[in-house]
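Chain by chain, the residues run as shown.
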Amino acid sequence: MSIEGYAIRKAARHEVDLIISWANSEGWNPGIHDAETFYTTDSNGFFVGIFEGKPVASISAVAYGDSFGFLGFYIVKPQFRGLGLGTEIWNAGMEYLKGRNIGLDGVLEQQKLYERKGFRPYYKSVRHQGVGIGQESRAEDIKNLSQVPMEDLLAYDDQCFPVARHVFTKSWIGQPGVIAIGSLNEGELEGYGVLRKCSQGYKIGPLFANDETVADALFCALCGHAPRGAPVFLDTPEPNSAALDLAKRHHMHPVFETVRMYTKGDPGLPMDRIFGVTSFELG
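Here, residues in each chain are numbered from 1, in the same order as that chain's written sequence. The predicted origin of the model limits local features to residues at a pLDDT of at least 70 and limits the giving and counting of side-chain atom pairs to 80 or more, whereas totals for whole chains, interfaces and linings rest on all residues. Processing note: side-chain calculations cover all non-hydrogen atoms of the structure and skip hydrogens and water entirely.

(A) Structural detail: the packing of aromatic side chains. When the centres of two rings from Phe, Tyr and Trp lie within 6.5 Å, Trp using its six-membered ring, the rings pair. Their planes under 30 degrees apart give stacked, over 60 give edge-to-face, and anything left gives tilted. Scanning the model with the defined rule gives 18 aromatic pairs in all. Grouped by ring-pair contacts, the aromatic residues Tyr-64, Phe-68, Phe-70, Tyr-122, Phe-161 and Tyr-262 constitute a single cluster. When the NZ atom of lysine or the CZ atom of arginine is within 6 Å of a ring's centre and also within 35 degrees of its normal, the charge is said to sit over that ring. In this structure, Arg-165 is placed above the aromatic ring of Phe-161, and the distance from its NZ or CZ to the ring centre is 4.2 Å. Above the plane of the ring of Tyr-156 lies Arg-273, whose end atom (NZ or CZ) is 4.9 Å from the centre.

Below, the structure is given as structure tokens:
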């Protein structure tokens, strides 16, 4: 269906800031410096719907190479819902990622809708909320990622994501104010984590680790960089029971759930090493 006066086009860089402000209004609590990293990852993968000369809808359809893509920021401004505007921008995003295995983290209320659009559910992720410690302290084997060879970091991240995402990862750990740390054992990287400031509090993501002990040490070190009592969020995939145990052990409580869905099947990630999802918007 075509709506008179409605057009879809690629978003300009400043419009990604607008899209993220919409996400914040929806309660998704994006990072305050996410826009630059997101746009850098795929400047062609953001779309806005223009109605009567103003942006009213959005979607991100970020391509990670030729085989994988991720959908996010699927938003229609509340006063324009029910007019079919979302369907058209959804189709634009799907067309852009055509031929790839496409992933998304959807709210549970929309799962059936996404299933009708060709996605299959694989697991839930739970957003947990805790608090910052406000006291920097870390084990001797926890180092700033600036002390870790970039090729080692990228190789580790490659194992925890469906495809290589080197442009994203380099930009993500270089955001202003970010705390990015890794755990080293005799020079070998055994996990890494990132803490960034968000509209509300701080988020840890990703939190990748070889085991629960490494994940716990990284988590505690990151929480130490958040102001005492400030909200800290961790998005844990349910298949990793150790991640759920970590959140419970640190007195975090569930506040939100999503369902991870794919169009062409589960890419077979090592879920036992994923203690915190990087981003519900870009995977």
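(B) Focus on helix H5 (residues 150-158). Of the positions making up H5, those classed as buried are Leu-153, Leu-154, Tyr-156 and Asp-157. The buried residues of H5 all sit within an arc of 160 degrees when viewed along its axis, so they share a single face. Working rule for contacts: check all heavy atoms of both residues, and any pair within 4.5 Å makes them a contact. Helix and strand labels come from DSSP, where a helix needs a run of H or I of at least four residues and a strand needs a run of E of at least two; each type is numbered from the N terminus. The secondary structure elements touched by the buried residues of H5 are helix H6 (166-173), strand S9 (188-197) and strand S10 (202-209). Only protein chains enter the accessibility calculation, which uses a 1.4 Å probe. A residue is then buried if its area is under 20% of the maximum for its type, exposed if over 50%, and partly exposed in between. Note that the arc is computed from the directions linking the helix axis to the C-beta atoms.

(C) Summary view of the side chain of Asp-216. Relative to the helices and strands, Asp-216 is located in helix H7 (residues 212-225). Under this definition, polar contacts are N or O atom pairs within 3.5 Å; protein pairs additionally need one hydrogen-donor-capable and one acceptor-capable atom, and for neighbouring residues in sequence, both atoms have to be side-chain atoms. Among the polar contacts made by the side chain of Asp-216, one reaches the side chain of Arg-249 at a distance of 2.7 Å. Setting aside chain neighbours within four positions, we find Asp-216 in contact with Leu-246, Arg-249 and His-250.

(D) Here's a closer look at the nonpolar core. Core analysis: the largest hydrophobic core is formed by 40 residues, its most contacted members being Phe-38, Tyr-64 and Phe-73. With five residues, helix H1 (residues 13-25) is the single largest residue contributor to this core. Those residues in contact with Tyr-64 that lie beyond four places of it in its chain are Thr-41, Gly-69, Phe-70, Phe-161, Val-163, Arg-165, Phe-168 and Leu-282. Listed in part, the 24 residues of the second largest apolar core include Ala-209, Ala-226, Leu-234 and Ala-247. Put simply, a nonpolar core is a bunch of buried Ala, Val, Leu, Ile, Met, Phe, Trp, Tyr and Cys residues held in one set by side-chain atoms that sit within 4.5 Å of each other.

(E) The arrangement of a negative patch on the surface in detail. Patches were defined on residues exceeding 30% relative accessible area and lacking a salt bridge, with like-charge contacts within 9 Å and nonpolar side-chain contacts (Val, Leu, Ile, Met, Phe, Trp, Tyr) within 5 Å. Every accessible area reported is derived by Shrake-Rupley at a probe size of 1.4 Å, with residue values counting cover from the shown protein chains alone. We define a salt bridge as a contact between a side-chain nitrogen of Lys or Arg and a carboxyl oxygen of Asp or Glu at a distance within 4 Å. Counted charges follow a simple rule, with Lys and Arg positive, Asp and Glu negative, and His plus the chain ends left uncounted. For this purpose, a charge sits on NZ of Lys, CZ of Arg, CG of Asp or CD of Glu. Residues Glu-151, Asp-152, Glu-186 and Glu-188 make up a contiguous surface patch of negative charge. Turning to its location among the elements, Asp-152 is positioned in helix H5. Asp-152 sits in the partly exposed class, given a relative accessible area of 33%.

(F) Representation of the environment of His-128. Relative to the assigned elements, His-128 resides in strand S6 (residues 120-131). Sequence separation between His-128 and Gly-265 is 137 residues, and the spatial gap between their C-alpha atoms is 27 Å. Non-local contacts of His-128, meaning those with residues more than four positions away in its chain, are made with Val-232, Phe-233, Leu-234, Thr-236, Leu-244, Ala-247, Met-252, His-253 and Pro-254. At 3.4 Å, the side chain of His-128 forms a polar contact with the backbone oxygen of Val-126. Within the local environment of His-128, its side chain forms a polar contact with the side chain of Thr-236, the two groups lying 3.1 Å apart.

(G) The packing of H1 against helix H2 (residues 34-41), seen in detail. Here, axes are lines fitted to C-alpha atoms. For helices the fit covers the stretch in contact, and angles between N-to-C directions go from 0 to 180 degrees. Axis separation between H1 and H2 bottoms out at 9 Å; the angle between their running directions is 125 degrees. When the axes of H1 and H2 are compared, the pair comes out oblique. Relative to H2, the crossing made by H1 is right-handed. Contact with H1, carried on its side by Arg-13, Val-16, Asp-17 and Ile-20, involves Asp-34, Ala-35, Glu-36, Phe-38 and Tyr-39 of H2 and no other residues of that element. Ten residue types, Ala, Val, Leu, Ile, Met, Phe, Trp, Tyr, Cys and Pro, are classed as nonpolar, four, Asp, Glu, Lys and Arg, as charged, and the remainder, Gly among them, as polar. Its residues assigned to classes, the contact of H1 with H2 shows five nonpolar, no polar and four charged. An angle below 35 degrees is treated as roughly parallel, one above 145 as roughly antiparallel, one from 65 to 115 as roughly perpendicular, and anything else as oblique. Crossing handedness is read from the near helix: turned anticlockwise from the far helix by less than a right angle, it gives a left-handed crossing, and turned clockwise, a right-handed one.

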